[in-house]
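Descriptive structure summary
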Amino acid sequence: MELSARNQLKGKVASVDLGAVMANIKIEVSEPGVITAVITKESAERLGLAEGDDVVALIKSTEVIVGK
């Protein structure tokens, strides 16, 4: 996937915690080690995120976006 965002961290999903509305996605990256993305439950389900998936964390000034 090619995007204009330059702040991209490739990693692997370490855990998926689905709440009623939001989902916490822990992503293992080489530096700083693990980051947490808080995304909507709908987005987590639409992407089919599961532990062990290879993903890219795109970092904007106010949020982290997860791409698969």
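Structure first, text after, so check above.
Numbers given to residues run from 1 along each chain, matching the order in which its sequence is written. Local features in this predicted model are restricted to residues of pLDDT 70 or higher, and side-chain atom pairs are both shown and tallied only at a pLDDT of 80 or more, whereas totals for entire chains, interfaces and linings draw on every residue. In computing side-chain values, all of the structure's heavy atoms are included and hydrogens and water are not.

1. Structural notes on the pattern of salt bridges
Condition: Salt bridge, as applied in this entry: a Lys or Arg side-chain nitrogen positioned within 4 Å of an Asp or Glu carboxyl oxygen. Each helix is a run of DSSP H or I of at least 4 residues and each strand a run of E of at least 2, with the numbering of both proceeding from the N terminus. Relative accessibility thresholds used throughout: buried, under 20% of the residue-type maximum; exposed, over 50%; partly exposed, between the two (1.4 Å probe, protein chains only).
This structure, assessed with the given rule, holds 2 salt bridges. A salt bridge links D54 to K12, with the shortest nitrogen-to-oxygen separation between them at 2.8 Å. Of the two residues, D54 sits in strand β4 (residues 54-59) while K12 sits in strand β1 (residues 8-18), which places them 42 residues apart along the sequence. Among the residues examined, K12 registers a relative accessible area of 34% and is labelled partly exposed. The residue K68 makes a salt bridge to D53 at a minimum N-O spacing of 3.1 Å. A residue pair is termed long-range when its members are at least 10 positions apart, and K68 in the segment after β5 (64-67) and D53 in the loop between α1 (41-47) and β4 qualify at 15 residues.

2. Brief notes about the side chain of D53
Note the threshold: Distance and chemistry together define a polar contact, namely a pair of N or O atoms within 3.5 Å, with one atom able to donate a hydrogen and the other to accept it when in protein, and with adjacent residues in sequence counting only for side-chain atoms on both sides. The contact rule is simple, with two residues in contact once any of their heavy atoms fall within 4.5 Å.
Residue class for D53 comes out buried when judged on its relative accessible area of 18%. Within the local environment of D53, its side chain forms a polar contact with the backbone nitrogen of A50, the two atoms lying 2.8 Å apart. The residues contacting D53, other than those within four sequence positions of it, are G11, K12, V13, G48 and K68.

3. Let's talk about a nonpolar patch on the surface
Threshold: Patch building starts from residues that exceed 30% relative accessible area and form no salt bridge, then joins like charges within 9 Å and nonpolar side chains (Val, Leu, Ile, Met, Phe, Trp, Tyr) within 5 Å. All accessible-area figures derive from a Shrake-Rupley calculation using a 1.4 Å probe, and residue coverage is judged against the displayed protein chains alone.
Nonpolar side chains collect at one region of the surface, where V21, M22 and V38 lie side by side and expose about 270 Å² of accessible area between them. Tracing the sequence through the fold places M22 in strand β2 (residues 22-29).

4. With respect to the pairing of β4
Stated precisely, the cut-off is as follows: When DSSP finds two or more bridges between two strands, those strands count as paired.
Here β1 runs beside β4; their pairing, made up of 5 bridges, is antiparallel. Bridge pairing in β4 links K12 to D54. Where β4 lies against β5, 4 bridges are found, and the strand directions are antiparallel. Bridging across to β5, V56 finds its partner in G67.

5. Examining the environment of G67
Relative to the elements of secondary structure, G67 occurs in strand β5. For the pair G67 and L9, spaced 58 residues apart in sequence, the C-alpha to C-alpha distance is 10 Å.

6. Focus on the environment of T62
When you line up the elements, T62 lands in the loop between β4 and β5. Judged by relative accessible area, T62 falls into the exposed class, the value being 68%.

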